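For reference, the chains in residue letters:
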Amino acid sequence: SVYVMALPYRFTDDPLTATLYVAALNVIGVGLLYIIAYRYLGFWPALAAGLIYAVNPWAVFYSRKIWAQDYHTPFVLLALLLGLYGFHENNGRNRRQFLAQVFCLPVLLFALQIHFAAWVLLPLYVWLVWSGRKQIAGRAMIFSGLLSALVLLPYAVGLMRTLEQDPTRISDAI
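Only a predicted model underlies this, so the values are computations on that prediction, with no experimental measurement involved.

Peer 1: Quick question: what am I supposed to make of a nonpolar patch on the surface here?
Peer 2: Residues Phe116, Trp119, Tyr155, Leu159 and Ile170 make up a contiguous nonpolar surface patch of about 440 Å² in total accessible area. Within the fold, Leu159 resides in helix H8 (residues 138–165).

Structure below.
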């Protein structure tokens, strides 16, 4: 979550700016949900999904805070859109589909690092890959794996440093 919030805090330390940034991310999330629903279900379901997400009291309440779980949804939705486009649309493996396959897992892993409760969504990626296995480009999966390792590298380094300082931290938490 530090990387996401680094952008607004790069320019100012005003918490209002960070809150507006989180709200903007959630507005992008509404747009991504609309795009997914429109692309795969049609106009009316997309309109309903977008409106329900946009005016949901809990979503509105939490979109005004800078807690990590309040801004991971746009990244999860972006990964879902990339996965659906990359693995499920039969476009004859064009360049955009290749790039969607490359970026789906790294974006999902980035979203999952923002808040650990989202890790239950990792089987979604496995399902997308399995059900769209005929659409997979081998090179895309290699590039995706490499980018995913880069996305996880800071987390792994931080975990190693934490365990160096306190080797029982994970076992104590469990």
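Anyway, onward from the coordinates.
Peer 1: Any chance you could explain helix H1 (residues 2–11) here in plain terms?
Peer 2: Given 3.6 residues to a turn, an α-helix orients residues that are three or four positions apart in the same direction. When H1 is considered as a whole, its buried residues turn out to be Val4, Met5 and Pro8. Buried residues along H1 cover an arc of 80 degrees about the axis, so they all sit on one side. Exposed side of H1, more than 90 degrees from the buried face: Val2, Tyr3, Arg10 and Phe11 are the residues found there. In this structure, the buried residues of H1 make contact with helix H2 (15–40), helix H5 (73–88) and helix H6 (95–114).

Peer 1: Just checking my understanding: could you explain the nonpolar core for this structure?
Peer 2: Soluble globular proteins tend to bury their nonpolar side chains together. Ranked by size, the top nonpolar core spans 23 residues in total, and within it Phe87 and Tyr125 carry the most contacts. Where this core is concerned, the elements lending two or more residues are H2, H5, H6 and helix H7 (122–131). Among all residues touching Tyr125, those that are not within four sequence positions of it are Phe87, Cys104, Leu105, Leu108, Met141 and Ser144. Counting ten residues, the second largest nonpolar core, distinct from the first, contains Val4, Val22, Tyr71 and Val76.

Peer 1: In this structure, what is going on with the confidence of the model for the protein? I would like to understand it.
Peer 2: Regions with low pLDDT should not have their predicted coordinates read in detail. Of the residues in the protein, 97% reach a pLDDT of 70 or more, and the chain-wide mean stands at 89. Per-element mean pLDDT across the protein ranges from 74 in helix H9 (residues 169–173) up to 95 in helix H3 (residues 43–55).

Peer 1: Just to check I follow, could you spell out the packing of H5 against H6 for this structure?
Peer 2: Angle between the axes and distance between the axes: these two values describe a pair of packed helices. With their axes 7 Å apart at the nearest point, H5 and H6 run at an angle of 155 degrees to one another. Compared by their axis directions, H5 and H6 come out roughly antiparallel. Pair H5 / H6 crosses with left-handed handedness. Facing H5, whose interface residues are Phe75, Val76, Leu78, Ala79, Leu82, Gly83, Tyr85, Gly86 and Phe87, H6 presents Arg96, Gln97, Ala100, Gln101, Phe103, Cys104, Val107, Leu108, Phe110, Ala111 and Ile114. Residues belonging to the contact of H5 with H6 are distributed by class as follows: 15 nonpolar, four polar and one charged.

Peer 1: What is the right way to read the packing of aromatic side chains from this model?
Peer 2: Aromatic ring pairs are described here by two measures, namely the spacing of the ring centres and the angle between the planes. What the rule picks out here adds up to five aromatic pairs. Ring centres 5.8 Å apart and planes at 15 degrees place the aromatic pair Tyr34 and Tyr38 in the stacked group. Here Tyr34 pairs with Tyr38, and both are found in helix H2, just four residues apart, close to one helical turn. On the basis of relative accessibility, which here comes to 27%, the residue Tyr34 falls in the partly exposed class. Classification of Tyr38 as partly exposed rests on a relative accessible area of 46%.

Rules and cut-offs
- Residues numbered from 1 in each chain as written.
- Predicted model: local features only at pLDDT ≥ 70, side-chain atom pairs only at ≥ 80, totals over all residues.
- Heavy atoms only, no water.
- Patch = residues over 30% accessible without salt bridge, like charges linked within 9 Å, V, L, I, M, F, W, Y side chains within 5 Å.
- Areas by Shrake-Rupley, 256 points an atom, 1.4 Å probe, with all protein chains shown as cover.
- Salt bridge = Lys/Arg side-chain N within 4 Å of Asp/Glu carboxyl O.
- Helix = DSSP H or I, 4+ residues; strand = E, 2+ residues; numbered from the N terminus.
- Buried < 20%, exposed > 50% of the residue type's maximum accessible area, 1.4 Å probe, protein only.
- Arc of directions from axis to C-beta.
- Contact = heavy atoms within 4.5 Å.
- Core = buried A, V, L, I, M, F, W, Y, C linked by side-chain atoms within 4.5 Å.
- pLDDT = per-residue confidence, 0-100.
- Axes fitted to C-alpha atoms, helices over the stretch in contact; angles between N-to-C directions.
- Parallel < 35°, antiparallel > 145°, perpendicular 65-115°, else oblique.
- Left-handed = near helix turned anticlockwise from the far one by under 90°.
- Nonpolar A, V, L, I, M, F, W, Y, C, P; charged D, E, K, R; others polar.
- Phe/Tyr/Trp six-rings, centres within 6.5 Å; stacked < 30°, edge-to-face > 60°.

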